[in-house]
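Below are the chains, spelled out letter by letter.
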Amino acid sequence: MENTKKKNGFAGGIGFILAAAGSAVGLGNLWSFPYKTSQNGGAAFVFVYIFSVIVMGSIVMIAEIYLGRRAQANPVTAYKKAHKNLGWLGLFAIIIPFLIICYYSILGGYTVKYALNSFGDNVSILKPFSANIGEVILYTAIFMALALVVVMGGVQNGIEKASKVLMPILFIILVGIVIYCLCLGTGVSEGLNYYLNPDFSALGFKGVLAAMGQAFYSLSLGMGIMVSYGSYTGKKIKVGSSAMYIAIFDTLVALLAGLAIFPAIYHYQAETGIILKDNGIMLLFASLPTVFNTLGVIGKIVSFLFFGMVVIAALTSVISLLEVVTQFIIQKFSVARKKAIFIVAAITFLISVPIGISLGYALNGKNAMTLCGQNLLDFFDLVSNTVLMPVCALGSCVALGWFAFGSRSVKQNFSSNYLYGRLEDDGLKLGKFGIIFAFMVKYVSPLLIAVIEVFGVIDIIFPTVGGSRSFSANGLGIVLTAYAILFIAIAVYFIFLKNKYTGCNEDEHKLALAGGADEPDDELAPIEPDIKIPPKNKQ
Ligand code: PHE
């Protein structure tokens, strides 16, 4: 077992933390966090965000890492181990990353283009580039290929090694750019003021929900990632403090990104009198290039470093998404890693093509190739992040809080003390925090997440138009699509997976030794199966 773990999992705690942080730090930190902060009351938003990370994000993260570690297996087996009827959550936690890869890699392709084109002219390429589908596909393919190579190397030799190199680079670049932007002179203090000036009236209930949702997305929760990465850790790694470091790193990067972006934008505005758009895709791909362009040669270097950093952030996120799906395919279908990752990458790449085309139309003001009134990228984003992700995160809390240590007695089932004791016995040592964790994961976090889900859905079906809410049939379509996916995941699980063996991490190792193998006999997921897998020639 020890031996297998070495071959199959993270070699050390730092490697695990950096890989998980690599997943967490993504476009959400470098782009959505800063603009959401500026629009929702600055420091007031940051305050709620940090609060959500502490009371909800870290709780769900610990729960998910622990569920994975305990099962040493892919999410389906991991949730199934919590309760046989909850394995569908795992399937769900594989479908969500699958959907996200399809659009995230398009944006990844954009960032590669902007990084490589930094010494050329990035200022007004957004429209022509996005409309040139050949080019978009090319850069998406480059981006995907980079992620594929890393995942192909496996957890220890691919993901862990890459994260250990890439994450420090990202951080150093970020700090350098922040220092540079803070020293720009004119406009810097206005930018900081715009970004962080606390304004609780601008926050409102909507801002609170946005902060809570952002915390989830940013920490990569509710999509199997932490379960999957957690499954590659052994008992030596401290779940609690790892989660804390991941959350701190993630939050720090998000805060720092704003300290670079807003001073830069306000500096430009102060110098030229031209107001730049600072929300959505325009911030990253139109406004910032405009700013960099006025800073001479240094601006070109800053642009290269900045977009290089965004590429790294997006890449390590897509790597984690790919790993979740790949891990399941390897283990459930006894396919070698190389083959599995090629299958996943090929399918997601094909699906990403129409998404790229649709985004190109949207950015050029054409209303074509939309679904429920949204371009495909926004459609996928709403389906997976707003509707599906909270369901899965809620499931993680319920699975751990109520089912993983279910007991016959009602009293014990409702007692967070009992859960605390069982978790301690099982090696989840959280010290003084343990009892609080047990209470939070059982009661508080699920409730808060349910609120996020309900209001997220209401916001889609009854969007606010001109100050008042009105029904949107398109919104209803989006929500129904999402719940249809949920329903399909549940059905597929109960029909095809519940009573079948769904694999575990050790299978990959055995598979590698055997050079490909048949699926083991059907039986309920043995966590450390002692089935001898017969060697078989490579298919
Ligand atoms: N956490 C990432 C971010 O902040 C987003 C992400 C989403 C990463 C899904 C992986 C999977 O951008």
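Residues numbered from 1 in each chain as written. Predicted model: local features only at pLDDT ≥ 70, side-chain atom pairs only at ≥ 80, totals over all residues. Heavy atoms only, no water.

Caption draft 1: Summary view of the site of the ligand. The local shell around the ligand holds 15 residues, among which Ala-24, Gly-28, Asn-29, Tyr-217 and Ser-218 are the closest. Asn-29 places a side-chain nitrogen or oxygen 3.0 Å from an oxygen atom of the ligand. One of the backbone nitrogen or oxygen atoms of Ser-218 is found 3.0 Å away from a nitrogen atom of the ligand. If the ligand stood free it would expose 310 Å²; the protein chains cover 100% of that surface. When each cavity is represented as a set of grid points, the ligand is found to reside in the largest cavity. Residue assignment for the shell around the ligand shows that the elements contributing at least two residues are helix H2 (13-24), helix H3 (27-39), helix H6 (87-116), helix H11 (200-218) and helix H15 (296-333). Ranked by the residues each element gives to the shell around the ligand, the list is headed by H3, at three residues. (Near = heavy atom within 4 Å. Polar contact = N/O pair within 3.5 Å; in protein donor to acceptor, adjacent residues only side chain to side chain. Areas by Shrake-Rupley, 256 points an atom, 1.4 Å probe, with all protein chains shown as cover. 1 Å grid on protein atoms, 1.4 Å probe; cavity = no way out; pocket = protein on both sides within 12 Å on 5 of 7 lines; lining within 4 Å. Sits in = over half its atoms within 2 Å of the grid points. Helix = DSSP H or I, 4+ residues; strand = E, 2+ residues; numbered from the N terminus.)

Caption draft 2: Representation of empty space enclosed by the protein in the model. For the structure shown, the criterion picks out six cavities of 30 Å³ or more. Its boundaries defined by the atoms lining it, the largest cavity holds a volume of some 120 Å³. What lines the largest cavity is a set of 16 residues, among which Ser-23, Tyr-104, Tyr-217, Ser-220 and Ser-317 lie closest to the centre. Looking at the lining of the largest cavity, the elements that each hand over two or more residues are H2, H3, H6, H11 and H15. Tallied by class, residues from the lining of the largest cavity come to eight nonpolar, eight polar and no charged. (Points joined across faces, edges and corners; volume = space filled by probe spheres on them. Nonpolar A, V, L, I, M, F, W, Y, C, P; charged D, E, K, R; others polar.)

Caption draft 3: Highlighting a nonpolar patch on the surface. A cluster of nonpolar side chains, Phe-205, Val-454, Phe-455, Ile-458, Phe-462, Phe-471, Leu-476 and Leu-480, forms an exposed patch at the surface whose accessible area comes to about 710 Å². When contributions to the nonpolar patch are tallied by element, the ones reaching two or more residues are helix H20 (433-461) and helix H21 (473-497). A per-element tally of the nonpolar patch places H20 first, with three residues. A relative accessible area of 31% means that Leu-476 is categorised as partly exposed. (Patch = residues over 30% accessible without salt bridge, like charges linked within 9 Å, V, L, I, M, F, W, Y side chains within 5 Å. Salt bridge = Lys/Arg side-chain N within 4 Å of Asp/Glu carboxyl O. Buried < 20%, exposed > 50% of the residue type's maximum accessible area, 1.4 Å probe, protein only.)

Caption draft 4: The environment of Ser-358, seen in detail. Note on placement: Ser-358 falls in helix H16 (residues 337-363). For Ser-358, a relative accessible area of 0% translates into the label buried. C-alpha of Ser-358 to C-alpha of Gly-108: the two residues are 250 residues apart in sequence and 16 Å apart in space. For Ser-358, the residues in contact, after removing those within four places along its chain, are Ala-368, Met-369, Asn-375 and Leu-376. (Contact = heavy atoms within 4.5 Å.)

Caption draft 5: Focus on the environment of Ala-399. With respect to the helices and strands, Ala-399 occurs in helix H17 (residues 376-403). A residue is classified by how much of its surface remains accessible, and Ala-399, at 0% relative accessible area, is buried. Taking the C-alpha atoms as reference points, Ala-399 and Ile-329, 70 residues apart in sequence, are found 23 Å from one another. Once residues within four sequence positions are removed from consideration, Ala-399 is found in contact with Leu-67, Tyr-79, Ala-82, Leu-86 and Ala-404.

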